[in-house]
Structures are given as C-alpha cells and as structure tokens.
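# Structure assessment
So the chains spell out like this:
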Amino acid sequence: AVPDIHVQMIPTKSYPADEKMVRRVEGHERILQELNRAKIFRFRDWMPNGKPDELFTTKDNRLGLDNGTGIFASMLRMGMRAECGLMNAGNIRGGKTYPEDQEWFTWSDLKAEIPFQVGITAVRLPGQVLEDVINHSRRQARQSPPVTSGGYIQTCDNIEFDEEQQKIISIQGEPFDPERHYLTSFPTNWFAGMDGHTPLLEWAKGTPFEHAKESSSRQVKEVIVELFAALLWLEIGSFDELDTDGDGFLSREEIREASLKIFGDDVADLVVDNVFSVA
C-alpha cells in the first residue's frame with residue numbers, strides 16, 4: 001500500500017526554549033562578539049610622520065591614493081622580519097576611510113579588510129626586480145585616464161619611491177642598489193601568477209620559488225595579530241611592574257590588568273592569550 005504523507009509547517013517559537021541550549025548558544029555568541037571587538041592597534045600610532053591627524057583609509061587603493069595598504073605592508077614587513085614589504089591593493093578589500101572618532105582598529109576591521117586567506121612570504125629579491133615589479137603593477141594607474149587594478153603594489157615605509165621618476169630612491173634609509181638583494185615580504189600567490197607581476201615571474205623561472213605554494217606560507221592575519229601581541233610586551237611595563245604579587249611569575253590576570261591600562265576596560269581574552277603566545 002502507498003503510505004499517505006502529510007507535511008505540516010510548525011513554527012519553532014511555539015516550543016519552549018531549552019535553557020541549557022540557550023546558555024550554550026549565548027556563550028558562543030559572547031566569544032564571537034569579544035573576538036570581533038578585540039583591539040589590535042591605534043590608528044594614530046601608525047600614521048606617517050608629520051601626519052598624525054590624517055585618517056586611516058584603504059579607499060581608492062587600486063589607484064594608489066590610500067595610506068592603509070602601505071601601512072599593512074609595513075606591518076607585514078615587521079612581522080616577517082624583512083627589510084622591505086610589498087602589498088597589492090586587491091588583497092586589502094575594506095575600501096573605506098575610518099571615522100575620526102574611531103581610535104582603534106579591531107579584529108572585525110581586519111576581517112573586513114582582509115576577508116580571504118592570504119599567504120605571505122619573504123624572499124631576497126634583486127633590487128632591479130623589486131623596482132621593476134612595482135612599476136609594472138602601476139602601469140594602468142599611470143594611464144590617462146587612470147585605470148584601477150587589484151595588482152597595484154603599495155610599499156612599506158622602508159621604501160622611498162619617487163613616483164615621478166618611477167624609481168626607488170632608498171631602502172631603510174640607504175641609497176638604493178639595483179644589484180643588491182633585499183629581503184622582501186609579499187603575498188605568496190604572486191608566484192602562482194596572481195595579478196600577473198611579470199618581472200617577478202620571469203625572475204622566479206628555474207628557481208625553487210617558481211612553484212612556491214601558498215599553503216606552506218604564514219597567513220597575513222596571523223602575522224599581523226602576532227606582531228601586535230609581541231609589540232604589546234614593550235608597552236605594558238617591566239617584569240617587576242607586572243608581577244604585582246611578587247611571586248616571580250606572571251599570571252594571566254596580571255597581564256590582563258596591565259593590558260587594561262592600554263586598551264581600556266574592554267580587553268578581549270584574545271588579546272591576553274596572544275600576548276602569552278609570543279612570550
């Protein structure tokens with residue numbers, strides 16, 4: 001016999017809530033909320049010298065008109081212990097100018113700016129290749145009218161680049177040497193052809209980097225968070241100042257109390273955990 005099948009849609013709201021499950025869900029939501037508001041860095045600490053009142057922006061970075069992408073390049077250069085750093089506009093996706101009354105850049109902001117998994121590497125590049133790849137990436141933006149490109153490369157603050165001459169002037173304050181090899185951080189997927197950075201691809205032919213895999217690289221967001229966890233140790237005070245109970249050990253609560261002085265009364269557990277992870 002063919003069975004009779006009846007379908008009835010019943011609103012779940014008609015059932016009483018499972019209090020144990022509600023508490024569990026609320027606990028998970030609190031963790032996510034805390035993670036999203038975790039403070040990473042103050043905008044004013046990273047603005048270019050002489051421009052403390054300039055707003056942090058990643059808007060129009062495909063034409064080279066932002067400061068934020070270059071600041072990210074500087075952070076990643078520091079996190080990768082490199083001499084200089086490059087970042088293409090297409091990997092920084094926020095496309096916004098942050099309001100004057102926003103003091104801190106948060107984990108939620110970082111996810112919006114870098115929504116994808118992006119691997120980062122550090123390779124010793126010949127100076128001439130470094131200069132050529134920057135110029136190659138900017139060729140469309142130099143057209144009249146300019147054309148936007150996700151491949152547009154922004155440089156870290158260790159690179160002094162003259163856009164009019166289309167030349168690197170100095171790196172780390174030293175005159176640029178096209179024959180010298182510079183340890184440079186940049187996204188690993190450039191070796192796979194992302195954005196078509198031809199000078200880099202031609203240099204990589206026949207080297208181990210020709211087949212570099214992004215899966216073996218460190219992740220950009222991970223490097224940035226780790227960098228600021230390490231830098232926080234320089235701000236929170238000496239060992240004796242932190243060891244408030246004088247037992248010769250630093251506890252999680254002692255670090256949290258010291259972090260409160262920097263971040264205010266809204267210190268996410270993520271911040272404290274990251275500080276300990278790089279100790």
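For the structure itself, consult the block above.
Residues numbered from 1 in each chain as written. Predicted model: local features only at pLDDT ≥ 70, side-chain atom pairs only at ≥ 80, totals over all residues. Heavy atoms only, no water.

### Notes on the pattern of salt bridges
Applicable threshold: For salt bridges, the criterion is a side-chain nitrogen of Lys or Arg within 4 Å of an Asp or Glu carboxyl oxygen. Each helix is a run of H or I in the DSSP string that is no shorter than four residues. Each strand is a run of E no shorter than two, and both are numbered from the N terminus. Each residue gets one of three labels from its accessible area relative to the maximum for its type: buried under 20%, exposed over 50%, partly exposed in between, using a 1.4 Å probe on protein chains only.
What the rule picks out here adds up to 10 salt bridges. With a shortest N-O distance of 3.3 Å, Arg-42 and Glu-103 are connected by a salt bridge. With Arg-42 in strand β1 (residues 39-42) and Glu-103 in the loop between β2 (84-88) and β3 (104-106), the pair connects residues that are 61 residues apart, well separated along the chain. Look at Arg-42 and you get buried, because its relative accessible area is 13%. Overlapping salt bridges bring together Arg-42, Arg-44, Asp-45 and Glu-103 as one network.

### A short note on helix α8 (residues 252-263)
Condition: What a helix should span is 1.5 Å times the count of its residues minus one. In this description, one arc is meant: the one made by directions from the helix axis to the C-beta atoms.
Taking 1.5 Å as the rise per residue, α8 with 12 residues should run 16 Å; its terminal C-alpha atoms sit 16 Å apart, in good agreement. For α8, the set of buried residues is Glu-254, Ile-255, Ala-258, Ser-259, Ile-262 and Phe-263. With its buried residues spanning 160 degrees around the axis, α8 presents them on a single face.

### Let's talk about the pairing of β2
Defined as follows: Any two strands with at least two DSSP-identified bridges between them are counted as paired.
Within β2, 5 of the 5 residues are buried, leaving the element largely enclosed by the surrounding structure. Side chains Cys-84, Leu-86 and Asn-88 project from β2 onto one buried face, and the interleaved Gly-85 and Met-87 project onto a second face that is buried too. Pairing of β2 with strand β9 (residues 181-187), which is carried by 2 bridges, proceeds in the parallel orientation. Of the residues in β9, the one forming a bridge with Cys-84 is Thr-184. Two elements, β2 and strand β5 (residues 153-155), share 3 bridges in a ladder whose sense is antiparallel. By the bridge assignment, Met-87 is partnered in β5 with Gln-154.

### Here we look at the nonpolar core
The test is simple: Side-chain atoms within 4.5 Å are what join buried Ala, Val, Leu, Ile, Met, Phe, Trp, Tyr and Cys residues into a set we call a nonpolar core.
Counting residues in each nonpolar core, the largest one holds 48 residues, and the members touching the most others are Phe-41, Phe-56, Leu-86, Phe-105, Leu-110 and Ile-224. No other element matches the 6 residues that helix α6 (residues 220-235) contributes to this core. The next biggest cluster of nonpolar side chains, apart from the first, holds 9 residues, and it includes Trp-104, Leu-242, Ala-258 and Ile-262.

### Overview of the sheet that holds β2
Put simply, the rule reads: Here, two residues are considered to be in contact whenever any of their heavy atoms come within 4.5 Å of each other. A fitted line through C-alpha atoms represents every axis, and for helices the fit uses only the stretch in contact; the resulting angles, taken between N-to-C directions, go from 0 to 180 degrees.
What the 5 strands build is an open sheet, ordered β5-β2-β9-β4-β10; its pairing is mixed. In this open sheet, the two strands that pair with only one neighbour each are β5 and β10 (218-219). Against the sheet, helix α4 (residues 127-137) engages β2, β4 (119-126), β5 and β9, with an angle of about 125 degrees to β4.

### Focus on the packing of helix α2 (residues 68-79) against α6
Quick reminder of the rule: Each angle gets one of four labels, with under 35 degrees taken as roughly parallel, over 145 as roughly antiparallel, 65 to 115 as roughly perpendicular, and the rest as oblique. Amino acids are sorted into nonpolar (Ala, Val, Leu, Ile, Met, Phe, Trp, Tyr, Cys and Pro), charged (Asp, Glu, Lys and Arg) and polar (every other residue, Gly among them).
One way to put it is that α2 packs onto α6 with a least axis distance of 9 Å and a crossing angle of 75 degrees. With respect to α6, the axis of α2 lies roughly perpendicular. Side by side, α2 and α6 meet where Phe-72, Met-75, Leu-76, Met-78 and Gly-79 of the first sit next to Val-220, Val-223, Ile-224, Leu-227, Phe-228 and Leu-231 of the second. Of the residues belonging to the contact of α2 with α6, the class tally is 10 nonpolar, 1 polar and no charged.

### Considerations on the environment of Asn-36
Structurally, Asn-36 can be placed in helix α1 (residues 19-36). Asn-36 sits in the partly exposed class, given a relative accessible area of 28%. Sequence separation of Asn-36 and Thr-106 is 70 residues, and the distance between their C-alpha atoms is 6.8 Å. Every residue in contact with Asn-36, bar those within four places of it in the chain, is listed here: Thr-106, Trp-107, Ser-108 and Lys-111.

### Overview of the pairing of β9
Counting buried positions along β9 gives 6 out of 7 residues, so the element sits mostly inside the fold. Bridge count for β4 against β9 is 7 bridges, and the pairing is antiparallel. Across the sheet, the residue bridging to Leu-125 is Tyr-182, located in β9.

### Quick look at α2
Given a rise of 1.5 Å per residue, 12 residues ought to cover 16 Å, and the 16 Å separating the end C-alpha atoms of α2 matches this to within 8%. For α2, a buried count of 11 out of 12 residues is recorded, marking the element as mostly surrounded by other parts of the structure. Listing the buried residues of α2 in full gives Gly-68, Thr-69, Gly-70, Ile-71, Phe-72, Ala-73, Ser-74, Met-75, Leu-76, Arg-77 and Gly-79. A positive phi of about 55 degrees marks Arg-81, the residue just after α2.

### Points about the packing of aromatic side chains
Basically, it comes down to this: When two rings of Phe, Tyr or Trp (its six-membered ring) have centres within 6.5 Å they constitute a pair, described as stacked for plane angles under 30 degrees, edge-to-face for angles over 60, and tilted for the intermediate range.
Following the criterion strictly, the structure yields 19 aromatic pairs and no others. Between Phe-56 and Phe-72, the aromatic rings sit 5.9 Å apart at their centres with planes inclined by 85 degrees, giving edge-to-face as the arrangement. One end of the pair, Phe-56, is in the loop between β1 and α2; the other, Phe-72, is in helix α2, with 16 residues separating them in the sequence. What makes Phe-72 buried here is its relative accessible area of 1%. An angle of 20 degrees between the planes, with centres 5.8 Å apart, marks the rings of Trp-203 and Phe-209 as stacked.

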